[in-house]
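Listed below, chain by chain, are the residues.
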Amino acid sequence: MDNNKTVESLVSHSGALTHNVSTFLGVDSLYLFIFYCSVALFIAILIVSARFIWKYRKRSGYTNEGVTQITHSTKLELAWTIPPLIVCLVIFAWGFKDFLHMSVAPKGSEEIHVIGKKWMWQFQYKNGTTSIGELVVPVNTPITLVMSSEDVIHSFYLPNFRVKRDVLPNRYTRVWFEATKTGTFQVFCTEFCGDGHSDMLAVIRVVPNAEYRKWVADGGSVGGDDMPLDKLGEKLAQAKGCAACHSIDGSQKVGPTWKGLFGSSRKFVDGGGVVADENYIRESIEKPHLHVVAGYGPVMPVYAGLLKERELAGLVEYIKSLK
Ligand code: CUA
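Cut-offs used in this document
- Residues numbered from 1 in each chain as written.
- Predicted model: local features only at pLDDT ≥ 70, side-chain atom pairs only at ≥ 80, totals over all residues.
- Heavy atoms only, no water.
- Helix = DSSP H or I, 4+ residues; strand = E, 2+ residues; numbered from the N terminus.
- Rg over C-alpha atoms; globule rule 2.2 N^0.38 Å.
- Buried < 20%, exposed > 50% of the residue type's maximum accessible area, 1.4 Å probe, protein only.
- Contact = heavy atoms within 4.5 Å.
- Pairing = 2+ DSSP bridges.
- Axes fitted to C-alpha atoms, helices over the stretch in contact; angles between N-to-C directions.
- Polar contact = N/O pair within 3.5 Å; in protein donor to acceptor, adjacent residues only side chain to side chain.
- Parallel < 35°, antiparallel > 145°, perpendicular 65-115°, else oblique.
- Left-handed = near helix turned anticlockwise from the far one by under 90°.
- Nonpolar A, V, L, I, M, F, W, Y, C, P; charged D, E, K, R; others polar.

Caption draft 1: Spotlight on the overall build of the protein chain. Each helix and strand in the protein chain was counted, giving 7 helices and 12 strands. Its C-alpha radius of gyration of 28 Å places the protein chain more than 25% over the 20 Å reference for a compact globule of 323 residues. Along the first, second and third principal axes, the C-alpha atoms of the protein chain reach 95 × 50 × 35 Å. Each of the 323 residues in the protein chain was classed as buried or not, and the buried ones make up 38%. A separation threshold of at least 6 residues defines the contact pool for the protein chain, and within that pool the share at least 24 residues apart is 65%.

Here you go:
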(Lines give C-alpha, C1' and ligand atoms only; values in the text may rest on other atoms or scores of the structure.)
Protein backbone atom coordinates (compact mmCIF):
# COMPACT_ATOMS: atom_id res chain seq x y z
CA MET A 1 0.00 0.00 0.00
CA ASP A 2 1.58 3.33 -0.86
CA ASN A 3 1.21 6.05 1.72
CA ASN A 4 -1.70 7.79 0.03
CA LYS A 5 -3.58 4.53 -0.24
CA THR A 6 -2.90 3.82 3.44
CA VAL A 7 -4.28 7.19 4.46
CA GLU A 8 -7.24 6.74 2.14
CA SER A 9 -8.05 3.36 3.59
CA LEU A 10 -7.72 4.65 7.15
CA VAL A 11 -9.90 7.66 6.44
CA SER A 12 -12.53 5.55 4.76
CA HIS A 13 -12.56 3.21 7.74
CA SER A 14 -12.07 5.73 10.51
CA GLY A 15 -15.67 6.97 10.46
CA ALA A 16 -16.79 3.47 11.27
CA LEU A 17 -14.06 2.61 13.76
CA THR A 18 -16.20 3.52 16.73
CA HIS A 19 -19.02 1.15 15.81
CA ASN A 20 -19.06 -1.87 18.04
CA VAL A 21 -19.67 -4.93 15.90
CA SER A 22 -18.90 -7.57 18.53
CA THR A 23 -20.62 -8.84 21.65
CA PHE A 24 -18.38 -6.66 23.85
CA LEU A 25 -20.97 -3.89 24.17
CA GLY A 26 -20.51 -3.70 27.95
CA VAL A 27 -17.13 -2.03 27.53
CA ASP A 28 -18.76 0.94 25.82
CA SER A 29 -21.43 1.32 28.50
CA LEU A 30 -18.83 1.13 31.28
CA TYR A 31 -16.63 3.61 29.46
CA LEU A 32 -19.55 6.06 29.13
CA PHE A 33 -20.52 5.53 32.78
CA ILE A 34 -16.99 6.45 33.91
CA PHE A 35 -16.93 9.34 31.45
CA TYR A 36 -20.21 10.86 32.70
CA CYS A 37 -19.21 10.32 36.36
CA SER A 38 -16.00 12.26 35.60
CA VAL A 39 -17.95 15.04 33.88
CA ALA A 40 -20.35 15.31 36.85
CA LEU A 41 -17.46 15.42 39.33
CA PHE A 42 -15.61 17.99 37.23
CA ILE A 43 -18.65 20.27 37.10
CA ALA A 44 -19.29 19.86 40.84
CA ILE A 45 -15.67 20.80 41.66
CA LEU A 46 -15.86 23.85 39.37
CA ILE A 47 -19.09 25.07 41.02
CA VAL A 48 -17.72 24.65 44.56
CA SER A 49 -14.39 26.29 43.61
CA ALA A 50 -16.12 29.27 41.98
CA ARG A 51 -18.42 29.70 44.98
CA PHE A 52 -15.50 29.65 47.47
CA ILE A 53 -13.32 31.93 45.34
CA TRP A 54 -16.15 34.46 45.39
CA LYS A 55 -17.18 34.01 48.99
CA TYR A 56 -13.63 34.22 50.43
CA ARG A 57 -12.23 36.84 48.08
CA LYS A 58 -10.03 39.50 49.68
CA ARG A 59 -12.07 42.51 50.64
CA SER A 60 -10.79 45.93 51.70
CA GLY A 61 -10.40 46.34 55.43
CA TYR A 62 -10.08 42.58 55.96
CA THR A 63 -8.28 41.27 59.05
CA ASN A 64 -8.12 37.66 60.20
CA GLU A 65 -8.65 38.58 63.80
CA GLY A 66 -11.19 36.41 65.49
CA VAL A 67 -11.18 33.78 62.69
CA THR A 68 -11.50 30.30 64.13
CA GLN A 69 -9.43 27.45 62.72
CA ILE A 70 -11.69 24.54 61.75
CA THR A 71 -9.67 21.30 61.84
CA HIS A 72 -12.30 18.67 61.31
CA SER A 73 -15.78 17.93 59.98
CA THR A 74 -16.95 14.34 60.29
CA LYS A 75 -20.04 14.99 58.17
CA LEU A 76 -18.01 16.45 55.33
CA GLU A 77 -15.43 13.67 55.45
CA LEU A 78 -18.12 10.99 55.34
CA ALA A 79 -19.73 12.82 52.42
CA TRP A 80 -16.58 12.81 50.30
CA THR A 81 -15.62 9.26 51.27
CA ILE A 82 -18.71 7.10 51.10
CA PRO A 83 -20.44 8.16 47.84
CA PRO A 84 -17.16 7.99 45.83
CA LEU A 85 -16.42 4.60 47.40
CA ILE A 86 -19.80 3.31 46.23
CA VAL A 87 -19.18 4.63 42.70
CA CYS A 88 -15.72 2.98 42.66
CA LEU A 89 -17.17 -0.34 43.83
CA VAL A 90 -19.82 -0.19 41.10
CA ILE A 91 -17.07 0.45 38.50
CA PHE A 92 -15.01 -2.42 39.93
CA ALA A 93 -17.89 -4.94 39.91
CA TRP A 94 -19.00 -3.87 36.43
CA GLY A 95 -15.43 -3.94 35.07
CA PHE A 96 -14.69 -7.31 36.67
CA LYS A 97 -17.79 -8.84 35.13
CA ASP A 98 -16.86 -7.51 31.66
CA PHE A 99 -13.23 -8.51 32.15
CA LEU A 100 -14.25 -12.11 32.87
CA HIS A 101 -16.56 -12.07 29.86
CA MET A 102 -13.74 -10.85 27.60
CA SER A 103 -11.13 -13.17 29.12
CA VAL A 104 -12.93 -16.49 28.97
CA ALA A 105 -13.92 -17.70 25.52
CA PRO A 106 -17.06 -19.81 25.27
CA LYS A 107 -16.45 -23.55 24.88
CA GLY A 108 -16.11 -24.73 21.28
CA SER A 109 -15.06 -21.38 19.88
CA GLU A 110 -13.30 -21.43 16.52
CA GLU A 111 -9.51 -21.12 16.94
CA ILE A 112 -7.37 -19.21 14.46
CA HIS A 113 -3.64 -18.63 14.86
CA VAL A 114 -2.32 -15.12 14.37
CA ILE A 115 1.35 -14.52 13.64
CA GLY A 116 2.73 -11.01 13.76
CA LYS A 117 6.00 -10.20 12.04
CA LYS A 118 7.72 -7.17 10.64
CA TRP A 119 5.49 -5.97 9.03
CA MET A 120 2.45 -8.06 8.40
CA TRP A 121 -0.25 -10.16 9.97
CA GLN A 122 -0.52 -13.79 9.02
CA PHE A 123 -3.54 -15.93 9.87
CA GLN A 124 -3.43 -19.72 10.03
CA TYR A 125 -6.49 -21.90 10.06
CA LYS A 126 -6.67 -25.42 11.48
CA ASN A 127 -6.89 -27.09 8.04
CA GLY A 128 -3.64 -25.45 6.89
CA THR A 129 -5.21 -22.50 5.08
CA THR A 130 -2.99 -19.47 5.45
CA SER A 131 -3.94 -15.89 4.80
CA ILE A 132 -1.80 -12.77 4.95
CA GLY A 133 -3.33 -9.41 5.65
CA GLU A 134 -6.90 -10.71 5.69
CA LEU A 135 -8.60 -12.42 8.61
CA VAL A 136 -11.83 -14.05 7.48
CA VAL A 137 -14.27 -15.06 10.22
CA PRO A 138 -17.86 -16.27 10.34
CA VAL A 139 -20.55 -14.00 11.77
CA ASN A 140 -22.28 -14.85 15.08
CA THR A 141 -19.62 -17.42 16.00
CA PRO A 142 -17.16 -17.08 18.89
CA ILE A 143 -13.60 -16.84 17.52
CA THR A 144 -10.47 -17.33 19.61
CA LEU A 145 -7.23 -15.90 18.28
CA VAL A 146 -4.04 -17.63 19.45
CA MET A 147 -1.32 -15.11 18.78
CA SER A 148 2.47 -15.06 18.68
CA SER A 149 5.21 -12.98 17.10
CA GLU A 150 8.19 -14.06 15.00
CA ASP A 151 10.33 -11.12 16.03
CA VAL A 152 9.48 -8.14 18.22
CA ILE A 153 6.41 -7.24 20.27
CA HIS A 154 3.40 -6.28 18.17
CA SER A 155 -0.12 -5.54 19.32
CA PHE A 156 -3.24 -6.83 17.61
CA TYR A 157 -5.91 -4.15 17.61
CA LEU A 158 -9.46 -4.50 16.32
CA PRO A 159 -11.13 -1.24 17.33
CA ASN A 160 -14.58 -2.20 16.02
CA PHE A 161 -14.50 -5.35 18.12
CA ARG A 162 -13.07 -3.70 21.25
CA VAL A 163 -10.20 -6.18 21.07
CA LYS A 164 -6.56 -5.33 21.68
CA ARG A 165 -3.77 -7.53 22.97
CA ASP A 166 0.01 -7.64 22.74
CA VAL A 167 1.53 -10.26 20.46
CA LEU A 168 4.78 -11.55 21.92
CA PRO A 169 7.72 -13.62 20.69
CA ASN A 170 8.11 -17.03 22.39
CA ARG A 171 4.71 -16.90 24.08
CA TYR A 172 1.07 -17.25 23.08
CA THR A 173 -1.56 -14.69 23.97
CA ARG A 174 -5.26 -15.23 23.34
CA VAL A 175 -8.26 -13.04 22.66
CA TRP A 176 -11.75 -13.96 21.67
CA PHE A 177 -14.67 -12.08 20.15
CA GLU A 178 -17.92 -12.72 18.38
CA ALA A 179 -18.77 -10.63 15.34
CA THR A 180 -22.40 -9.49 15.22
CA LYS A 181 -22.34 -7.99 11.73
CA THR A 182 -20.89 -8.92 8.35
CA GLY A 183 -18.53 -6.48 6.69
CA THR A 184 -14.89 -5.51 6.39
CA PHE A 185 -13.11 -3.82 9.27
CA GLN A 186 -9.61 -2.50 9.92
CA VAL A 187 -6.88 -4.26 11.92
CA PHE A 188 -3.96 -2.23 13.29
CA CYS A 189 -0.67 -2.89 15.03
CA THR A 190 -0.51 -0.68 18.12
CA GLU A 191 2.96 -1.48 19.43
CA PHE A 192 5.74 0.51 17.78
CA CYS A 193 7.71 -2.20 15.98
CA GLY A 194 10.01 -0.37 13.59
CA ASP A 195 9.99 1.37 10.20
CA GLY A 196 6.90 -0.35 8.84
CA HIS A 197 4.81 -0.16 12.02
CA SER A 198 2.19 2.20 10.63
CA ASP A 199 1.87 0.02 7.52
CA MET A 200 1.35 -3.12 9.57
CA LEU A 201 -2.32 -3.31 8.66
CA ALA A 202 -4.77 -6.03 7.86
CA VAL A 203 -8.49 -6.30 7.39
CA ILE A 204 -10.97 -8.55 9.08
CA ARG A 205 -13.75 -9.76 6.82
CA VAL A 206 -16.85 -11.06 8.58
CA VAL A 207 -18.87 -13.34 6.30
CA PRO A 208 -21.87 -15.69 6.62
CA ASN A 209 -20.97 -19.11 8.00
CA ALA A 210 -21.37 -21.02 4.72
CA GLU A 211 -19.12 -18.56 2.88
CA TYR A 212 -16.54 -18.90 5.64
CA ARG A 213 -16.51 -22.73 5.44
CA LYS A 214 -16.07 -22.53 1.68
CA TRP A 215 -13.30 -19.94 1.93
CA VAL A 216 -11.34 -22.02 4.46
CA ALA A 217 -11.88 -25.24 2.48
CA ASP A 218 -10.67 -23.51 -0.71
CA GLY A 219 -7.43 -22.54 1.00
CA GLY A 220 -8.32 -18.90 1.45
CA SER A 221 -7.97 -17.90 -2.18
CA VAL A 222 -7.91 -14.23 -3.13
CA GLY A 223 -9.85 -13.49 -6.30
CA GLY A 224 -11.58 -16.04 -8.53
CA ASP A 225 -9.77 -18.45 -10.85
CA ASP A 226 -10.83 -16.36 -13.84
CA MET A 227 -9.05 -13.23 -12.61
CA PRO A 228 -6.22 -12.08 -14.95
CA LEU A 229 -2.80 -12.80 -13.40
CA ASP A 230 -1.64 -9.18 -13.12
CA LYS A 231 -4.94 -8.15 -11.49
CA LEU A 232 -4.58 -11.07 -9.07
CA GLY A 233 -1.02 -9.90 -8.33
CA GLU A 234 -2.23 -6.38 -7.64
CA LYS A 235 -4.81 -7.70 -5.16
CA LEU A 236 -2.24 -9.97 -3.53
CA ALA A 237 0.27 -7.13 -3.15
CA GLN A 238 -2.29 -5.46 -0.88
CA ALA A 239 -3.64 -8.59 0.77
CA LYS A 240 -0.28 -10.23 1.49
CA GLY A 241 1.37 -7.16 2.87
CA CYS A 242 3.91 -6.59 0.03
CA ALA A 243 2.74 -3.02 -0.48
CA ALA A 244 3.74 -2.09 3.07
CA CYS A 245 7.42 -2.24 2.06
CA HIS A 246 7.46 -2.00 -1.77
CA SER A 247 6.18 1.07 -3.58
CA ILE A 248 4.91 0.92 -7.14
CA ASP A 249 5.70 4.55 -8.00
CA GLY A 250 9.48 4.50 -7.59
CA SER A 251 9.47 5.97 -4.08
CA GLN A 252 11.80 4.63 -1.42
CA LYS A 253 10.32 2.40 1.28
CA VAL A 254 11.67 -0.40 3.47
CA GLY A 255 12.24 -2.56 0.38
CA PRO A 256 13.13 -1.73 -3.25
CA THR A 257 10.37 -0.24 -5.40
CA TRP A 258 8.62 -2.53 -7.87
CA LYS A 259 8.47 0.15 -10.54
CA GLY A 260 10.72 -0.81 -13.42
CA LEU A 261 12.10 -3.72 -11.40
CA PHE A 262 11.56 -6.40 -14.03
CA GLY A 263 14.46 -6.54 -16.46
CA SER A 264 16.62 -4.14 -14.42
CA SER A 265 20.06 -5.09 -13.12
CA ARG A 266 20.17 -5.71 -9.40
CA LYS A 267 23.28 -5.27 -7.25
CA PHE A 268 23.44 -7.35 -4.09
CA VAL A 269 24.99 -6.55 -0.72
CA ASP A 270 27.49 -9.42 -1.20
CA GLY A 271 28.79 -7.78 -4.39
CA GLY A 272 27.01 -10.05 -6.89
CA GLY A 273 24.25 -9.07 -9.25
CA VAL A 274 21.62 -10.32 -11.66
CA VAL A 275 19.15 -9.07 -14.24
CA ALA A 276 15.71 -9.40 -12.66
CA ASP A 277 13.77 -12.12 -14.47
CA GLU A 278 10.87 -14.35 -13.40
CA ASN A 279 13.13 -16.73 -11.48
CA TYR A 280 14.86 -13.92 -9.62
CA ILE A 281 11.50 -12.40 -8.58
CA ARG A 282 10.20 -15.78 -7.50
CA GLU A 283 13.32 -16.43 -5.42
CA SER A 284 13.09 -12.94 -3.88
CA ILE A 285 9.53 -13.66 -2.76
CA GLU A 286 10.13 -17.17 -1.47
CA LYS A 287 13.66 -16.81 -0.05
CA PRO A 288 14.35 -13.07 0.12
CA HIS A 289 17.41 -13.48 2.37
CA LEU A 290 19.43 -15.27 -0.37
CA HIS A 291 20.09 -12.16 -2.48
CA VAL A 292 19.52 -8.90 -0.63
CA VAL A 293 19.73 -5.81 -2.84
CA ALA A 294 22.51 -3.38 -1.90
CA GLY A 295 21.25 -0.58 0.31
CA TYR A 296 18.54 -2.68 1.98
CA GLY A 297 18.44 -4.82 5.09
CA PRO A 298 17.58 -8.55 5.23
CA VAL A 299 14.20 -7.82 6.80
CA MET A 300 11.68 -9.36 4.41
CA PRO A 301 9.80 -12.38 5.78
CA VAL A 302 10.15 -15.70 3.96
CA TYR A 303 7.08 -16.44 1.81
CA ALA A 304 8.11 -19.96 0.81
CA GLY A 305 5.10 -22.23 1.28
CA LEU A 306 2.72 -19.32 1.89
CA LEU A 307 1.76 -18.68 -1.72
CA LYS A 308 0.17 -20.94 -4.25
CA GLU A 309 1.69 -21.41 -7.72
CA ARG A 310 -1.02 -19.24 -9.29
CA GLU A 311 -0.48 -16.52 -6.69
CA LEU A 312 3.28 -16.45 -7.36
CA ALA A 313 2.59 -16.17 -11.08
CA GLY A 314 0.15 -13.34 -10.35
CA LEU A 315 2.76 -11.38 -8.37
CA VAL A 316 5.42 -11.93 -11.04
CA GLU A 317 3.04 -10.72 -13.77
CA TYR A 318 2.01 -7.71 -11.70
CA ILE A 319 5.65 -6.71 -11.09
CA LYS A 320 6.32 -7.17 -14.82
CA SER A 321 3.47 -4.79 -15.61
CA LEU A 322 4.95 -1.96 -13.49
CA LYS A 323 7.18 -0.36 -16.11
CU1 CUA B 1 3.84 -4.45 14.52
CU2 CUA B 1 3.71 -2.14 15.17
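Caption draft 2: Molecular detail of the sheet that holds strand 8 (residues 173-178). Pairing within the open sheet is mixed, and its 5 strands lie in the order 3-2-1-5-8. The sheet is open, and its two borders are formed by strand 3 (130-132) and strand 8, each paired with just one other strand. Taken pair by pair, the neighbouring strands of this sheet meet at an average axis angle of 25 degrees, ignoring direction. Strand direction decides the pairing type here: strand 2 (residues 120-124) and strand 3, joined by 3 bridges, are antiparallel. For Gln 122, the partnering residue across the bridge sits in strand 3 and is Ile 132.

Caption draft 3: Expanded view of the side chain of His 246. Residue position: His 246 is located in the loop between helix 5 (229-239) and strand 11 (265-267). Using a relative accessible area of 14% as the deciding quantity, one classes His 246 as buried. A polar contact of 2.7 Å, which involves the side chain of His 246, links it to the backbone oxygen of Pro 256. In terms of polar contacts, His 246 uses its side chain to reach the side chain of Trp 258, at 3.4 Å. Once you skip the residues sitting within four places of it in the chain, His 246 turns out to touch Lys 253, Gly 255, Pro 256, Trp 258 and Met 300.

Caption draft 4: Highlighting the packing of helix 6 (residues 278-286) against helix 7 (residues 309-321). Following both chains from N to C, one finds helix 6 and helix 7 inclined at 120 degrees, their axes separated by 10 Å at the closest point. Judged on the interaxial angle alone, helix 7 and helix 6 are oblique. Crossing angle aside, the handedness with which helix 6 passes helix 7 is right-handed. Within the contact between the two elements, helix 6 uses Glu 278, Ile 281, Arg 282, Ile 285 and Glu 286 and helix 7 uses Glu 309, Leu 312, Leu 315, Val 316, Ile 319 and Lys 320. Counted by class, the contact of helix 6 with helix 7 contains 6 nonpolar, no polar and 5 charged residues.

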